[in-house]
Amino acid sequence: MRSAVIKAVVVLAALWATVSPTLAEVRILASPGGQVGPFLDLFEQVRASGERVVIDGPCLSACTLVLSIVPDNRICVTRRAVLGFHAARSIDRRGRLYAEPEASREVLAAYPAPVRGWISRRGGLTSRLLLLRGRELAAIYPTCR
């Protein structure tokens, strides 16, 4: 569990380090996700800053919360962007994963309508990773310029 927290902090630091003051953007190059709390904090800061988010690689699991926090008009994707969604889950004291159905419902409800629709058409949030990329992603979010 501690290594997961450390990994999440390292990933968040790497995400935050990609902020370019001259371009006023945060570039997500590769995020495997992690614990929700640090991502919520980071994306709240990004929203408050007015910066644009460029998704330029894998943005998986908790990273996709950016879609719920940063306004749609400040998010763009490159051809390398991949969003990965799955049901919420937690780890018990013994290190076993267990489902969090209420959290999954809340997360799904927070996503923008086009993303919710795409997830729903693929069976909803389950333990299986759903990958949104390519033309389907470009139909929802603009390509970065």
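Residues numbered from 1 in each chain as written. Predicted model: local features only at pLDDT ≥ 70, side-chain atom pairs only at ≥ 80, totals over all residues. Heavy atoms only, no water.

Quick one: what's the story with the state of the cysteines, residue by residue and with numbers?
One pass over the structure, following the stated rule, counts two disulfides. Across a sulfur-sulfur distance of 2.2 Å, Cys59 and Cys63 are joined as a disulfide pair. Linking Cys59 and Cys63, the disulfide has an S-S dihedral of approximately -105 degrees and is accordingly described as left-handed. The class of Cys59 is buried, set by a relative accessible area of 0%. Here Cys76 is linked by a disulfide to Cys144, with a sulfur-sulfur distance of 2.0 Å. Looking along the S-S bond of the Cys76-Cys144 disulfide, the torsion reads about 105 degrees, which is the right-handed sense. (Disulfide = S-S within 2.5 Å. Buried < 20%, exposed > 50% of the residue type's maximum accessible area, 1.4 Å probe, protein only.)

Which residues make up the packing of aromatic side chains, and what values go with them?
Summed over all chains, the structure comprises three aromatic pairs. When the centroid spacing of 5.2 Å and the interplanar angle of 85 degrees are considered together, the rings of Phe85 and Tyr111 count as edge-to-face. On the criterion of sequence distance, the pair formed by Phe85 in strand β5 (residues 82-85) and Tyr111 in the loop between α4 (101-110) and α5 (113-121) is long-range, its members being 26 residues apart. An aromatic cluster is present here, built from Phe85, Tyr111 and Trp118 joined pairwise through their rings. (Phe/Tyr/Trp six-rings, centres within 6.5 Å; stacked < 30°, edge-to-face > 60°. Helix = DSSP H or I, 4+ residues; strand = E, 2+ residues; numbered from the N terminus.)

So, the pattern of salt bridges: which residues are in play, and what are the values?
What the rule picks out here adds up to eight salt bridges. Asp56 is paired through a salt bridge with Arg80; the nearest N and O atoms lie 2.7 Å apart. Residue Asp56 is found in the loop between β2 (52-55) and β3 (58-60), and its partner Arg80 is found in the loop between β4 (75-77) and β5; the two are separated by 24 residues along the sequence. You can call Asp56 buried: its relative accessible area is 7%. (Salt bridge = Lys/Arg side-chain N within 4 Å of Asp/Glu carboxyl O.)

Explain the confidence of the model for the protein to me, using residue names and the numbers behind them.
Averaged over every residue, the pLDDT of the protein is 88; the share at 70 or more is 84%. When the criterion is pLDDT under 50, residues 1-14 qualifies, and its contacts beyond four places in sequence or with other chains add up to eleven contacts. (pLDDT = per-residue confidence, 0-100. Contact = heavy atoms within 4.5 Å.)

Can you explain the sheet that holds β3? Please cite residues and give values.
Hydrogen bonds between backbone groups are what pair the strands of a sheet, and the pairing can be parallel or antiparallel. Ordered in space as β3-β5-β8, the three strands form an open sheet in which the pairing is mixed. Bordering the open sheet on either side are β3 and β8 (130-133), each of which pairs with just one other strand. Put simply, the sheet's adjacent strands are angled 20 degrees from each other on average, direction ignored. Bridge analysis of β5 against β8 gives four bridges, and the strand direction is antiparallel. Of the residues in β8, the one forming a bridge with Phe85 is Leu130. Along the sheet face, α5 touches β5 and β8 and points at about 130 degrees away from the line of β8. (Pairing = 2+ DSSP bridges. Axes fitted to C-alpha atoms, helices over the stretch in contact; angles between N-to-C directions.)

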